[in-house]
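Examining the three-dimensional arrangement
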Amino acid sequence: MLAYILTRERKIVDNIDQYIYSGISDHGPFRVIITNSPPLFFINRIEKLPNEIKIVERKQVNLKSFNFNDVDAIYFKNSYDYNRGKKRLKELGFKCYESDVIPEERYLMERFINGSIKIKGDPVQKGSVIEYTNPIIKPSDYHPNFNILSLDIETGRDGSIYSFGIDSDHVKVVLMRGKASGITSPDITYIDSEKQLI
């Protein structure tokens, strides 16, 4: 299925990170859940990790630091251990390469995905959403037809809402708090109170 990612999030479920990507496709909304990609960053290969650092794997990779030192990838069970490990290693003077890269963004970055994706896996219909768990995703050139809506909210200094302006291909309206005061237009609707306006 060809699709376009609109949002991403990360949460810990059963002590494992889940990366969740949601968006649109020609078949409707979709969700991709990735549970098999632990968070990681890199350290110099010559460094010995203290036993207090909880990792699931240390792996030699064919990468070097900017100083041309060989580096290893260290993988963590979840983002809680990842953040604790990163903090502690930095306190001990370790260089933690790419530890500023958000894990769910790294997953897309390593696959050269910028938004458009091709999903290969077993879909499950969950209400109106097509859901995939641990599919293969690759970059694609899919470009959905977006519906664009512009929303303008006018407020006072005290935070009270004066009006909402809504503009799209299907709707053009201004919802204004108060009584009509000489300005009339088929696009303006007056609402008595802020509570009704909201």
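For the structure, check the block above.
Residues numbered from 1 in each chain as written. Predicted model: local features only at pLDDT ≥ 70, side-chain atom pairs only at ≥ 80, totals over all residues. Heavy atoms only, no water.

When helices and strands are counted, the protein shows three helices and 14 strands. Taking 16 Å as the expected radius of gyration for a compact globule of 198 residues, we find that the protein reaches 24 Å, considerably beyond that expectation. The dimensions of the protein, computed from C-alpha atoms along their principal axes, are 80 × 45 × 35 Å. Counted over contacts in the protein with a minimum sequence separation of 6, partners at least 24 positions apart contribute 47%. Carbon together with sulfur atoms contributes 51% to the accessible area of the protein, which is approximately 13100 Å² in total. Once the 28 positive and 27 negative side-chain charges of the protein are each reduced to a mean point, those two points are 7 Å apart. (Helix = DSSP H or I, 4+ residues; strand = E, 2+ residues; numbered from the N terminus. Rg over C-alpha atoms; globule rule 2.2 N^0.38 Å. Contact = heavy atoms within 4.5 Å. Areas by Shrake-Rupley, 256 points an atom, 1.4 Å probe, with all protein chains shown as cover. Lys, Arg positive; Asp, Glu negative; His and termini not counted. Charge placed at Lys NZ, Arg CZ, Asp CG, Glu CD.)

Turning to the packing of aromatic side chains, a few remarks are in order. The description of an aromatic ring pair rests on the distance of the ring centres and on the angle between the ring planes. Inspection of every chain in the model, using the stated rule, returns six aromatic pairs. Aromatic side chains phenylalanine 41 and tyrosine 82 sit 5.5 Å apart centroid to centroid with 70° between the ring planes, which places their arrangement in the edge-to-face category. Placement of phenylalanine 41 in strand E4 (residues 40-44) and of tyrosine 82 in helix H1 (residues 79-91) is noted, with a sequence separation of 41 residues between them. Considered together, phenylalanine 41 and tyrosine 82 belong to a single accessibility category, that of buried residues. Where phenylalanine 76 meets tyrosine 82, the ring centres are 5.8 Å apart and the plane angle is 90°; that geometry is what we call edge-to-face. (Phe/Tyr/Trp six-rings, centres within 6.5 Å; stacked < 30°, edge-to-face > 60°. Buried < 20%, exposed > 50% of the residue type's maximum accessible area, 1.4 Å probe, protein only.)

The subject of this paragraph is H1. Between its first and last C-alpha atoms H1 spans 18 Å; for 13 residues at 1.5 Å apiece the expected length is 18 Å, and the two agree. Within H1, the full set of buried residues consists of Ser79, Asp81, Tyr82, Gly85, Lys86 and Leu89. The arc that holds every buried residue of H1, seen down its axis, measures 150°, which confines them to one face. Contact partners of the buried residues in H1: strand E1 (2-13), strand E2 (16-25), E4, strand E6 (70-75) and helix H2 (103-109). Measuring from the backbone nitrogen of tyrosine 80 back to the side-chain oxygen at the start of H1 gives 3.0 Å, which picks out asparagine 78 as the cap. (Expected span 1.5 Å × (residues − 1). Arc of directions from axis to C-beta. Polar contact = N/O pair within 3.5 Å; in protein donor to acceptor, adjacent residues only side chain to side chain.)

This part covers the sheet that holds strand E14 (residues 188-191). Spatial strand order, E11-E12-E13-E14: four strands in an open sheet with mixed pairing. On the outer flanks of this sheet lie strand E11 (149-155) and E14, each paired with one strand and no other. Strand after strand, the sheet turns through a mean of 15° between neighbouring axes, direction not considered. Note: strand E13 (residues 172-177) against E14, four bridges, orientation parallel. By the bridge assignment for E14, valine 174 is matched with isoleucine 188. (Pairing = 2+ DSSP bridges. Axes fitted to C-alpha atoms, helices over the stretch in contact; angles between N-to-C directions.)

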